[in-house]
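Summary of structural features
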Amino acid sequence: KMSDEEYSYEYGSEDNYEYGSGEGEDINDDLIAIENAFYEGDDCRQDQPKRAIELFQKVVDIGGDRDEEIKFKFNALEHLVMLHYRMGDMRSMSKCYNEMLGYTSQVTRNECTTSINNILDVVSSCDDISTISDLYDLTLKSLKSGGNERLWFGTKARLAKVYIQSGAYDLADKTIAELHACCKGNDGKDEPSKGTYLLEVYGLIIQLCTAMKDTVRMKEIYPKITSLDTAVEDPRTMGFIREEGGKMYMAAGQWETAYNEFYEGFRNYQEAGNKRAKDCLKYVVLANMLALSDINPFAAREAKVYQEEKEVAAMMELRMAYESNDLIWFERTLKNRANKILDDMFIMAYVDPLRLGIREQVLVAMVRPYSRITIPFISKELNLAEDDVEKLLVKLILEERLKAKIDRMGNVLEMEKEQSASGRNYEAIVGWAESLNEAALALTARI
């Protein structure tokens, strides 16, 4: 049998151990306090921002150097930056952000990227361009010293976009030039191995040219972009570049080239899952009509996906009216507010060329059967002033789409013999078709 003395010796006396005095338990208590303060601050940051600031600051103050505590401090500082910005305290915001950047090397790259992007998303909407610049400068210096080249480049490109959107074009141009310098070799030429970065730089130049309406520079730079040899093309960047290229060619009246550019833009947007795909497809249809192309843009598998979209379906209907030379149907589709065609400022800019195109087609089809036709008659049929009719006729004659001459004295259009002969052939074919139709009806009646 074991004695009382032996029992107490084996387990140790109470004098030899003090409960709750271990170092590990103190650390656990600190971590629990940090967690409690963080989650309580997270709960009240929407409704009680001042209380949230106190709690997140407590996390920063009592947090130690252990990995878990650093993560809590890093996230608390991110929230503090957001809250100080929301409260209008820019000095405290910058202080907390600078402190947060000091921990970027102690958290994962993904955590660092997400937090920085979250903050820049919010701050980029600020009206004060100097505040934005200061915050971006802090970010870029930190990323440069930390060797995070990809995030540094992406952040600087983002700053250039902010400058463009805010109208600070000189600052944007300077920032883009600095980015471009990073993509050049010792000889001062573009480094082919940095094709992905170059694509992003050229995309920014296109944005700047678009904002400044600098078509000269855009025409100069655009061929360099399309000939750029990149191993992996970012469809988000290429979608935008191709769309802007399409708009550039539209402004120059190069409808077919614009059609091809818009289609490439649409394809890239769709691959990237970008909502701009739908708008770009509408521009594809617009350019297709102006080019008088026989290609059906909805024949492709990528485009068929959007056929049920109301705005796209409206453009399809407009194209059918255009092909049918049906002015009334065309105008009805165009002016139907439910179709939202005229809500798009870009499409609206090309409504007049579209109207001109369909009127030209209708006019050519109308005069074809005649050897002589009065201009007042054409004016009435087209619902167009006689002066405008005459301008249309002159344009068609000069473009050799109409072989005729205008008798100004008699206010008559006289077709040349070759044209009038084809007109007679046209009438004969129409008459033959009508006779066949009547015969078919009679045969059906007998059956």
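So, a few notes on the structure that sits alongside this text. All of these numbers come straight from a predicted model, not from anything done at the bench.

The next subject is the layout of surface pockets. There is about 700 Å³ of room inside the largest pocket. Among the elements of the structure, α8 (149-166), α10 (195-212) and α12 (235-251) are those that each provide at least two residues to the lining of the largest pocket. With seven residues, the single largest contributor to the lining of the largest pocket is α8. Taken together, the residues that form the lining of the largest pocket break down as six nonpolar, eight polar and seven charged.

Let us look at the packing of helix α13 (residues 255-272) against helix α14 (residues 276-290). Helix-helix packing is described using two parameters, namely the angle between the two axes and the distance between the axes. Two elements in contact, α13 and α14, have axes separated by 8 Å at closest approach and are oriented at 160 degrees. Here α13 is positioned roughly antiparallel relative to α14, judged by the angle of their axes. Between α13 and α14 lies a crossing whose hand is left-handed. Between α13, through Trp255, Ala258, Tyr259, Phe262, Tyr263, Gly265, Phe266, Tyr269 and Gln270, and α14, the contact on the second element is made entirely by Arg276, Ala277, Cys280, Leu281, Tyr283, Val284, Ala287, Asn288 and Leu290.

This brings us to a negative patch on the surface. A cluster of acidic side chains, namely Asp127, Asp128, Asp134 and Asp137, defines a negative patch on the protein surface. With respect to the secondary-structure elements, aspartate 127 resides in the loop between α6 (109-123) and α7 (129-146). What makes aspartate 127 exposed here is its relative accessible area of 81%.

Bringing the packing of aromatic side chains into the picture now. Counted according to the given criterion, the structure contains 14 aromatic pairs. When the centroid spacing of 5.9 Å and the interplanar angle of 55 degrees are considered together, the rings of tyrosine 263 and phenylalanine 266 count as tilted. On the criterion of helical spacing, the pair formed by tyrosine 263 and phenylalanine 266 is a turn pair, its members being three residues apart in helix α13. By relative accessible area, which is 17% here, tyrosine 263 ends up buried. An aromatic cluster of at least three residues, connected via ring pairs, comprises Trp255, Phe262, Tyr283, Phe346 and Tyr350. In this arrangement the basic side chain of lysine 144 is found over the ring face of tryptophan 152, its NZ or CZ atom lying 4.2 Å from the centre. Note that lysine 247 overlies the ring of phenylalanine 346, its terminal NZ or CZ placed 5.4 Å from the centroid.

Pairing is antiparallel across the open sheet formed by three strands, whose spatial order is β1-β3-β2. Each edge of the sheet is formed by a strand with only one pairing partner; in this case those strands are β1 (372-374) and β2 (404-407). Taking each pair of neighbouring strands and ignoring which way they run, the sheet shows an average axis angle of 20 degrees. Note: β1 against strand β3 (residues 412-415), three bridges, orientation antiparallel.

With that settled, the discussion passes to the pairing of β2. Sheet analysis places β2 next to β3, joined by four bridges and oriented antiparallel. Directly across from lysine 405, in β3, lies its bridge partner glutamate 414.

Taking 1.5 Å as the rise per residue, α13 with 18 residues should run 26 Å; its terminal C-alpha atoms sit 26 Å apart, in good agreement. Along α13, the positions that sit buried rather than exposed are Ala258, Tyr259, Glu261, Phe262, Tyr263, Gly265, Phe266, Asn268 and Tyr269. Along its buried surface, α13 packs onto α11 (215-226), α12, α14, α15 (301-304) and α18 (345-348).

A few words on the pattern of salt bridges. Per the stated rule, a full pass over the model turns up 30 salt bridges. The residue arginine 242 makes a salt bridge to glutamate 261 at a minimum N-O spacing of 3.0 Å. Taken together, the positions of arginine 242 in helix α12 and glutamate 261 in helix α13 put the pair 19 residues apart, joining distant regions of the chain. On the basis of relative accessible area, glutamate 261 is assigned to the buried category, the value being 10%. Residues glutamate 360 and arginine 401 are paired through a salt bridge, measuring 2.8 Å at the closest nitrogen-oxygen approach. Of the two residues, glutamate 360 sits in helix α19 (residues 351-367) while arginine 401 sits in the loop between α21 (386-398) and β2, which places them 41 residues apart along the sequence. The network of salt bridges with shared partners includes Glu243, Glu244, Lys247, Arg276, Lys278, Asp279, Lys282, Glu309 and Glu311.

What follows concerns the packing of helix α3 (residues 49-62) against helix α4 (residues 67-87). The interhelical angle for the contact between α3 and α4, taken along N-to-C directions, is 150 degrees, at an axis separation of 9 Å. Here α4 runs roughly antiparallel to α3, going by the angle between their axes. Seen from above, α3 lies across α4 with left-handed handedness. The segment α3 lies against α4, with Pro49, Lys50, Ala52, Ile53, Phe56, Gln57, Val59 and Val60 engaging Phe72, Lys73, Ala76, Leu77, His79, Leu80, Leu83, His84, Arg86 and Met87.

The next thing to look at is α8. Spanning 18 residues, α8 covers 26 Å between terminal C-alpha atoms, matching the ideal 26 Å at 1.5 Å per step. Within α8 the residues assigned to the buried category are Leu151, Trp152, Phe153, Thr155, Lys156, Ala157, Leu159, Ala160, Val162, Tyr163 and Ile164. In the core, the buried residues of α8 are packed alongside α6, α7, α9 (169-181) and α10. Immediately downstream of α8, the backbone of glycine 167 shows phi near 85 degrees, a positive value.

Procedures and definitions
- Residues numbered from 1 in each chain as written.
- Predicted model: local features only at pLDDT ≥ 70, side-chain atom pairs only at ≥ 80, totals over all residues.
- Heavy atoms only, no water.
- 1 Å grid on protein atoms, 1.4 Å probe; cavity = no way out; pocket = protein on both sides within 12 Å on 5 of 7 lines; lining within 4 Å.
- Points joined across faces, edges and corners; volume = space filled by probe spheres on them.
- Helix = DSSP H or I, 4+ residues; strand = E, 2+ residues; numbered from the N terminus.
- Nonpolar A, V, L, I, M, F, W, Y, C, P; charged D, E, K, R; others polar.
- Axes fitted to C-alpha atoms, helices over the stretch in contact; angles between N-to-C directions.
- Parallel < 35°, antiparallel > 145°, perpendicular 65-115°, else oblique.
- Left-handed = near helix turned anticlockwise from the far one by under 90°.
- Contact = heavy atoms within 4.5 Å.
- Patch = residues over 30% accessible without salt bridge, like charges linked within 9 Å, V, L, I, M, F, W, Y side chains within 5 Å.
- Areas by Shrake-Rupley, 256 points an atom, 1.4 Å probe, with all protein chains shown as cover.
- Salt bridge = Lys/Arg side-chain N within 4 Å of Asp/Glu carboxyl O.
- Lys, Arg positive; Asp, Glu negative; His and termini not counted.
- Charge placed at Lys NZ, Arg CZ, Asp CG, Glu CD.
- Buried < 20%, exposed > 50% of the residue type's maximum accessible area, 1.4 Å probe, protein only.
- Phe/Tyr/Trp six-rings, centres within 6.5 Å; stacked < 30°, edge-to-face > 60°.
- Lys NZ or Arg CZ within 6 Å of the ring centre and 35° of its normal.
- Pairing = 2+ DSSP bridges.
- Expected span 1.5 Å × (residues − 1).

Everything listed is a geometric property; what it means functionally is a separate question.
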